[in-house]
Amino acid sequence: MSWKDKLIIALDVSNADKALGIVDMLGDDVSTYKVGFELFVSSGPSIVERLHEKGKRVFLDLKFHDIPNTVSKAAVAAARLGVFMFNLHASGGCEMMKRCKDRVDEVCLKEKLRRPKIISVTVLTSLDSDSLKNELCVQHGVKAQVKHLSTLAQKAGLDGVVASPQEIAIIKNACGKDFLVVTPGIRPSWVPPDDQHRTATPQAALREGADFIVMGRGVLQHEDPVRALELISLEILTA
Ligand code: C5P
């Protein structure tokens with residue numbers, strides 16, 4: 001398996017034309033794209049259909065966080081869109097995650113749909129222990145909170161979590177190697193961290209056992225994103 005099978009490019013752009021331009025530019029190098037708030041709110045579900053028409057898989061990154069009934073209905077709608085993976089916030093609690101998983105299982109079975117992978121966000125990669133403690137009153141630090149929320153997501157029956165590359169080992173140790181870890185906060189060696197606080201290079205994240213790495217600015221803000229992918233490949237091969 002090539003490292004590119006584990007790569008997810010974040011289409012953090014303002015409209016469908018820009019997003020599809022990126023997809024055409026990267027061609028066969030990238031098979032999975034992440035659709036987040038900005039693109040989904042500006043373009044609607046049709047962007048997911050257009051990516052599917054181009055043969056791409058979609059990670060719908062809408063980080064659902066609401067009462068169990070509301071989230072499970074949104075989750076069913078995501079499953080009916082045929083996305084490969086979507087996410088919700090583990091801090092919404094066990095009942096929210098479990099209800100969502102159970103409803104999606106039921107509907108997918110009944111309607112003969114492929115069940116999307118359901119993963120939960122643990123602690124955003126833009127937060128650190130200080131912000132957790134001083135702003136959110138979580139006293140026990142990022143790593144303990146990530147471990148706690150990962151085990152909660154596993155108990156609820158989810159497939160995995162979104163977490164920083166720095167927490168992969170903790171999660172795999174606590175939840176087992178088959179529990180998926182999807183890592184944003186990925187920065188090639190030549191890219192600044194921007195607003196991300198818990199980052200790693202692609203090769204470090206893959207070495208630690210990330211199942212998927214999500215990259216946005218590290219590739220798309222390069223003057224030549226195709227070249228950026230080649231440079232990352234080189235870094236990985238020579239590591
Ligand atoms: O540009 P950059 O590579 O930092 O983009 C990371 C992407 O991953 C963004 O779309 C961001 O919303 C998303 N993400 C994240 N941290 C999470 C979950 C998703 O950065 N915990």
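A brief report on the enclosed structure follows. (Residues numbered from 1 in each chain as written. Predicted model: local features only at pLDDT ≥ 70, side-chain atom pairs only at ≥ 80, totals over all residues. Heavy atoms only, no water.)

On to the sheet that holds strand 6 (residues 160–162), then. Taken in spatial order, the eight strands of this closed barrel run 1-2-3-4-5-6-7-8, and their pairing is parallel. Shown here is a sheet whose adjacent strand axes are inclined to one another by a mean of 25°, direction ignored. (Pairing = 2+ DSSP bridges. Helix = DSSP H or I, 4+ residues; strand = E, 2+ residues; numbered from the N terminus. Axes fitted to C-alpha atoms, helices over the stretch in contact; angles between N-to-C directions.)

A separate point is the layout of surface pockets. Size it by volume and the largest pocket reaches roughly 720 Å³. Looking at the largest pocket, it is lined by 31 residues, and the ones nearest its centre are D12, K34, D61, Q196 and R217. Sorting the residues of the lining of the largest pocket by element identifies helix 2 (37–43), strand 3 (57–64), strand 8 (212–215) and helix 10 (217–220) as the ones contributing at least two each. For the lining of the largest pocket, the leading source of residues is strand 3, giving three residues. Grouping the constituent residues of the lining of the largest pocket by class yields 14 nonpolar, nine polar and eight charged. (1 Å grid on protein atoms, 1.4 Å probe; cavity = no way out; pocket = protein on both sides within 12 Å on 5 of 7 lines; lining within 4 Å. Points joined across faces, edges and corners; volume = space filled by probe spheres on them. Nonpolar A, V, L, I, M, F, W, Y, C, P; charged D, E, K, R; others polar.)

The next thing to look at is helix 1 (residues 16–26). Looking only at helix 1, the buried set comprises A16, A19, L20, I22, V23 and L26. On an axial view of helix 1, the arc spanned by its buried residues comes to 150°, and they lie on one face. What points out from helix 1, more than 90 degrees from its buried face, is the exposed set D17 and D24. Capping of helix 1 at its N-terminal end is provided by N15; its side-chain oxygen lies 3.1 Å from the backbone amide nitrogen of D17. Phi turns positive, to about 50°, at G27, one or two residues after helix 1. (Buried < 20%, exposed > 50% of the residue type's maximum accessible area, 1.4 Å probe, protein only. Arc of directions from axis to C-beta. Polar contact = N/O pair within 3.5 Å; in protein donor to acceptor, adjacent residues only side chain to side chain.)

Our focus in this paragraph is the pairing of strand 4 (residues 85–89). Along any regular strand, the residues point their side chains to alternate faces of the sheet. Among the five residues in strand 4, five count as buried, and that is most of the element. Of the two faces of strand 4, the one holding M85, N87 and H89 and the one holding F86 and L88 are both buried throughout. Direction of pairing for strand 3 relative to strand 4: parallel, over a ladder of three bridges. Opposite L60, over in strand 4, you have F86 as the bridge partner. Taken together, strand 3, helix 4 (residues 68–81) and strand 4 constitute a β-α-β crossover, and its handedness is right-handed. Bridging between strand 4 and strand 5 (residues 117–121) involves five bridges; their strand directions are parallel. Bridging from a neighbouring strand, H89 pairs with V121 of strand 5. Handedness of the crossover joining strand 4 and strand 5 through helix 5 (residues 94–111) is recorded here as right-handed. (Right-handed = clockwise from strand over helix to strand, strands pointing away.)

Let us now look at the packing of helix 1 against helix 3 (residues 46–53). At a closest axis distance of 11 Å, the pairing of helix 1 and helix 3 adopts a crossing angle of 20°. Classified by the angle between their axes, helix 1 and helix 3 sit roughly parallel to one another. Along this stretch, helix 1 crosses helix 3, giving a crossing that reads as right-handed. Touching A16, A19, L20 and V23 of helix 1 are I47, R50 and L51, all from helix 3. Classifying every residue of the contact of helix 1 with helix 3 by side-chain character gives six nonpolar, no polar and one charged. (Parallel < 35°, antiparallel > 145°, perpendicular 65-115°, else oblique. Left-handed = near helix turned anticlockwise from the far one by under 90°. Contact = heavy atoms within 4.5 Å.)

These results come straight from atomic positions and should not be treated as a statement about function.
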